[in-house]
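Take a look at the letters that make up each chain.
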Amino acid sequence: MLKLCIVKMMGCWTRRTASSALHLLQLGNPLSPTSYICFSYYFQNPFFSTTPLKKKPKPRYVFDNIDDALALFNRMVHTHPRPSLVQFTRLLATIVRMKHYETALSLFKQMKLLGISHDVYTFNILLNCFCHLGRVGFGFSVLGRMFRLGLQPDTVTFSTLINGLCNEGQVVQAVQLFDDMVQEGYHPNLITYSTMVNGLCKIGETPRAIRLLRAMEERGCAPNIVTYNTIIDSLCKDKLVTKALNLFSEMTGKGLQPDVFMYNTLLHAFCNRGQWEEVHILWNKMLANNHKPDVVSYNILIDAVCKESKMSKAHGIVERMIQDGVQPNTVTYNVLMDGYCLQGKMNKARKVLNSMISGRCVPNVCSYNIMVNGYCKYRRVGEAMELFREMSQKGPFPNSFTYTALINGTLQLGRLSAAQELLKDMSAYGLIPDTITYSTLLHGFCINGHIDKALDLFKVMQNNGLKPNIVHYSILIDGLCNVGQHTVARELFCGLSFQGLEPDVYAYNIMIKGLCKARLPNEAYELFRKMEANGCLPDGCSYNVMNQGFLQNDDVSTAAKFLHEMVRKGFSTDISTATMFVELLCSDSTGELIHEII
């Protein structure tokens, strides 16, 4: 049954990668490593030992570099009689711990050519290498080969594949494999459960992760601090802080002591909600339990008070952390700079940057980007360009965000040619404009009335292989409406579904406003009613835009009825709508409108 489920899961993997995986092993072709990492605990945790758990583990090989490991392998293969498979397995496991996965694959190939057989443990190492390289499809090919050789996979085999699937974002397939594994009588271990919990939390399935937590407890596998950390962090990100606290209390009630990471997670959640009393209580509890706050703990507090514009308090926390023996890092200074930039105090922000340059804490590209963005935000583009040139000459080198901030700043001043030159320079230095860069340029062209340039750029974006999203289309539709091209705007709006996009409330509001501006209030009202039918609920802006449209087109009666509906829905008039109603009432000499509206 399990074999059948795995064959179904492999699907196109089997057709696409089975022969490729065997070919790699036979010819020793190198694999290109990717950013996917499988198990950080692999071969470092007793659950993942390459020897049975009941046996005393043998000492590991230790090497200063990979050349020493390869030299030992060569001596082993030329020794007569050859060392046992266990010795080869230990050596391969050590090479994997050194993260030389491609080398390990090459040695597997040599072992095969020399007639050295493989067992479940060596196949698990091979499978693990493929998962580390982001080639989980090849991992399933290895599993198929194990079946063909009559070898019985163990928990480690499936745990590695499950983690590989999760790391490649295929959590649904990981859940299916996990369920099949349990159904066939395999017993997931702590690492297996923790991997599944982490995968579920990553895709926003926190409730399922909690149910799995309960299942592992029922099956006699006690969760550890990592398991709880993962779920509590996910609950906090979902703004379910009360549930996170309940789980925290449950965990401590079972005798598990929280670590600094967990305290930091809860601190961050409380700070985001402005619950300073709870922050104070948690901080004292942290100290009482002999957990010294680290630089992340202090940075969370500093960031929170900076967002509340309490800069003197932020500096007080910095002084306190230094007194407590915790040195501020680049993030600390970046947070302070960002706090000043939010208040428009650019000179003070620059002093923070200068103190970093002259001190021991080296600013990174993010440090400079905060300053560049701040200068551009307050239309001090000359100073932003000066800092940009400093980056280009001394480092760190500007990135896409730097260029996008400068493009935005120049467009705010109406300097379209300068923005276009920055885009060219960006491409010349090998930096690829992203969706935010293009949306910034499109918006800049549109607000400056250059809709033709915006449309040309839109085509360039598509030709460069970047698929426009709803934001790009919304910017263009708004720009077209503003220059009176309402028919083209409407065609673009109606064609969104053909591009695989669904308009959001922002896109609907833009189109409704455009139709009202074109003195087509009935069509605007029809679109307003359609948006709810299409599953997009109107917001306060939708009602205000529609009301303004009726008033602009002298349809006071409908505007009055719509105002009552707006109030029933729990929305309030904005300043523009309220002003229009007040002006209308002031001009009403008969008093009839007052009765109609009230």
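Residue position: N547 is located in helix 30 (residues 540-552). Look at N547 and you get buried, because its relative accessible area is 0%. Apart from the residues within four sequence positions on either side, N547 is in contact with A559, F562, L563, M566, T577 and F581.

We now examine the pattern of salt bridges. Counted under the stated rule, the structure contains 14 salt bridges. R214 serves as the salt-bridge partner of E217, at 3.3 Å between the closest nitrogen and oxygen. A residue pair is termed a helical-turn pair when its members lie 3 or 4 positions apart in one helix, as E217 and R214 do in helix 11 (residues 206-218) at three residues. The exposure class of E217 is partly exposed, given its relative accessible area of 25%. According to the relative accessible area criterion, R214 is partly exposed, its value standing at 30%. The shortest N-O distance in the salt bridge between E523 and R490 comes to 2.0 Å.

Turning to the packing of aromatic side chains, a few remarks are in order. The geometry of an aromatic ring pair comes down to the distance between the two centres and the angle between the two planes. For the structure shown, the criterion picks out 17 aromatic pairs. Relative to Y429, the ring of F397 lies with its centre 5.3 Å away and its plane at 65 degrees, an arrangement referred to as edge-to-face. In this pair, F397 is assigned in the loop between helix 21 (381-394) and helix 22 (400-412) and Y429 in the loop between helix 23 (416-428) and helix 24 (435-447), connecting sequence segments 32 residues apart. On the basis of relative accessible area, Y429 is assigned to the exposed category, the value being 53%. These aromatic residues form a ring-pair network of at least three members: Y525, F528, Y543, F550, F562 and F571. The positively charged end of K313 is found above the aromatic ring belonging to W276, 5.5 Å away from the centroid.

Spanning 13 residues, helix 30 covers 18 Å between terminal C-alpha atoms, matching the ideal 18 Å at 1.5 Å per step. Where burial is concerned, most of helix 30 is hidden: eleven out of the 13 residues are buried. Looking at helix 30, one finds that the buried residues are G540, S542, Y543, N544, V545, M546, N547, Q548, G549, F550 and L551.

As a further point, take the nonpolar core. Of all hydrophobic cores here, the largest spans 176 residues; its most connected members are L91, I302, M371 and I512. Ignoring sequence-local partners within four residues, the contact set of M371 consists of M337, C341, M346, A349, R350, L353 and L387.

Time to look at helix 14 (residues 260-273). An ideal rise of 1.5 Å per residue puts 20 Å on 14 residues; helix 14 measures up with 20 Å between its terminal C-alpha atoms. With ten of its 14 residues buried, helix 14 lies for the most part within the structure. Buried residues of helix 14: V260, M262, Y263, N264, T265, L266, L267, A269, F270 and C271, and no others. Looking at the buried residues of helix 14, the elements they touch are helix 12 (225-237), helix 13 (241-253), helix 15 (276-288) and helix 16 (295-307). Following helix 14 by one or two positions, G274 adopts a phi angle in the positive range, close to 70 degrees.

Rules of the game
Residues numbered from 1 in each chain as written. Predicted model: local features only at pLDDT ≥ 70, side-chain atom pairs only at ≥ 80, totals over all residues. Heavy atoms only, no water. Helix = DSSP H or I, 4+ residues; strand = E, 2+ residues; numbered from the N terminus. Buried < 20%, exposed > 50% of the residue type's maximum accessible area, 1.4 Å probe, protein only. Contact = heavy atoms within 4.5 Å. Salt bridge = Lys/Arg side-chain N within 4 Å of Asp/Glu carboxyl O. Phe/Tyr/Trp six-rings, centres within 6.5 Å; stacked < 30°, edge-to-face > 60°. Lys NZ or Arg CZ within 6 Å of the ring centre and 35° of its normal. Expected span 1.5 Å × (residues − 1). Core = buried A, V, L, I, M, F, W, Y, C linked by side-chain atoms within 4.5 Å.

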